[in-house]
Amino acid sequence: MFPEELLTTATKLLEHCRKAGLMVVTAESCTGGLIAGCLTEIAGSSDVVERGFVTYSNAAKMELLDVPEALLATKGAVSAEVAEAMAQGALAHSRADIAVSVTGVAGPGGGSAAKPVGLVFMGLCRRGDAPSHRKLNFPGARSDVRRATVQAALAGLGEMSLGRKARGADEVGS
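Computed from a prediction, not measured in an experiment: that's the story for all the values here. (Residues numbered from 1 in each chain as written. Predicted model: local features only at pLDDT ≥ 70, side-chain atom pairs only at ≥ 80, totals over all residues. Heavy atoms only, no water.)

Peer 1: With reference to specific residues and values, describe the overall build of the chain.
Peer 2: In terms of regular secondary structure, the chain is built from 6 helices and 5 strands. Taken over C-alpha atoms, the radius of gyration comes to 15 Å for the chain, in line with the 16 Å a tight globule of 174 residues would show. When the backbone C-alpha atoms are referred to their principal axes, the chain occupies close to 45 × 30 × 25 Å. When burial is assessed residue by residue, the chain has 52% of its 174 residues classed as buried. (Helix = DSSP H or I, 4+ residues; strand = E, 2+ residues; numbered from the N terminus. Rg over C-alpha atoms; globule rule 2.2 N^0.38 Å. Buried < 20%, exposed > 50% of the residue type's maximum accessible area, 1.4 Å probe, protein only.)

Peer 1: Outline the confidence of the model for the chain, listing residues and values.
Peer 2: Residues of the chain with pLDDT of at least 70 account for 94%, and the chain-wide mean is 94. Counted against residues more than four places away or in other chains, residues 166–174, with its pLDDT under 50, gives 25 contacts. (pLDDT = per-residue confidence, 0-100. Contact = heavy atoms within 4.5 Å.)

Peer 1: Describe in detail the pairing of strand S5 (residues 132–137), supporting the description with residues and values.
Peer 2: Examined bridge by bridge, strand S4 (residues 119–126) and S5 share 6 bridges and lie antiparallel to one another. Each residue of the ladder has a partner; that of Gly-123, found in S5, is His-133. Linking S4 back to S5 in an antiparallel pair, the connection comprises 5 residues, with Gly-128 at a positive phi of about 90°. (Pairing = 2+ DSSP bridges.)

Peer 1: Can you lay out the nonpolar core for me, pointing to particular residues and giving the numbers?
Peer 2: Core analysis: the largest hydrophobic core is formed by 33 residues, its most contacted members being Ile-35, Cys-38, Leu-39 and Leu-154. When contributions to this core are tallied by element, the ones reaching two or more residues are helix H1 (4–20), helix H2 (34–40), strand S3 (98–104), S4 and helix H6 (142–161). Take this core: its biggest share by element is 8 residues, from H6. Among all residues touching Leu-39, those that are not within four sequence positions of it are Ala-10, Leu-13, Leu-14, Val-24, Ser-45, Val-49 and Leu-154. If you look at the next biggest cluster of nonpolar residues, it comprises 16 residues, including Val-67, Ala-85, Ala-90 and Leu-91. (Core = buried A, V, L, I, M, F, W, Y, C linked by side-chain atoms within 4.5 Å.)

Peer 1: Talk me through the sheet that holds S5; I want residue IDs and the actual numbers.
Peer 2: With mixed pairing, 5 strands are arranged side by side in an open sheet as S2-S1-S3-S4-S5. If you trace the sheet from one side to the other, it starts and ends with strand S2 (49–54) and S5, each paired once. With direction set aside, neighbouring strand axes in the sheet form an average angle of 15°. With 5 bridges joining them, strand S1 (residues 24–28) and S3 adopt parallel strand pairing. Across the sheet, the residue bridging to Thr-26 is Val-100, located in S3. (Axes fitted to C-alpha atoms, helices over the stretch in contact; angles between N-to-C directions.)

Peer 1: Tell me about the side chain of Arg-134, residues and numbers included.
Peer 2: Secondary-structure assignment places Arg-134 in strand S5. A relative accessible area of 2% places Arg-134 in the buried class.

Peer 1: Kindly report on the environment of Ser-161, identifying the contributing residues and their values.
Peer 2: Relative to the elements of secondary structure, Ser-161 occurs in helix H6. Under the relative-accessibility criterion, Ser-161 is labelled buried at 6%. Linking Ser-161 and Glu-41, residues 120 residues apart in sequence, is a C-alpha distance of 19 Å. Every residue in contact with Ser-161, bar those within four places of it in the chain, is listed here: Leu-13, His-16, Cys-17, Ala-20, Leu-22, Ile-98 and Arg-126. A polar side-chain atom of Ser-161 sits 2.7 Å from the main-chain carbonyl oxygen of Gly-158. (Polar contact = N/O pair within 3.5 Å; in protein donor to acceptor, adjacent residues only side chain to side chain.)

Peer 1: Describe the pattern of salt bridges, with residues and values.
Peer 2: Overall, the coordinates contain 5 salt bridges when judged by the stated rule. The shortest N-O distance in the salt bridge between Arg-18 and Asp-47 comes to 2.7 Å. Placement of the pair is Arg-18 in helix H1 and Asp-47 in the loop between H2 and S2, with a sequence separation of 29 residues. Since its relative accessible area comes to 36%, Arg-18 is described here as partly exposed. One salt bridge in this structure joins Arg-147 and Asp-144, with 3.0 Å as the shortest N-O distance. Within this pair, Arg-147 and its partner Asp-144 are both found in helix H6, separated by 3 residues, close to a single helical turn. Overall, the relative accessible area of 38% leaves Arg-147 in the partly exposed class. Residue Asp-144 is classed as partly exposed on the basis of its relative accessible area, which comes to 32%. (Salt bridge = Lys/Arg side-chain N within 4 Å of Asp/Glu carboxyl O.)

This is how it looks when you write it as C-alpha cells:
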C-alpha cells in the first residue's frame, strides 16, 4: 500500500520510539490520515502510535484539537500558527509524548499566489516543550505532495525520537 521507502522510514521511527519509550500522535489535514496509516501499516505499531486525528475541516480542527477560530480566521488553515496549534492540540488530547501535524495545499486546485499548491506547514511538538514548525514546498501532483509530506513528517518525528530538537522554521522541501 505504501512505497518501501516510507515503510523503511516508518519502521526505523517505530524502533527509535520504542527504545526511547515514546508514544506518537498525528494531526493531519492535507494527508487525510496517511501518516498514521503508514505507521500502522507496520505490525506491532500500537505500542508507539497512540492515536491520530484527521482534521480536514476547520470545524474539526477547532472541535478536536482546540485550534482557535480566531487563528483560523486571521491566519488561515494553511499557516505555521495553525500547524503549531494542531500539534499542541493533539498532545493535549492524547497520552502521546511527541506530535506531528500537517496542513497544506495538496492540489490540484485551491492554491493562490500567497499559498500555492505544494505549500505545507508541519507542526512538531514534544510534551512540555514549545511547538515548532517547518514550511515546506513540494512539487508535483496531489499524490506527490501528500507522499512527500508523509516522508517529511516521519523524518520530523524521527528527529524528535532521537532526542533532537526540531529544526527551525521555513525549510524548503524538494
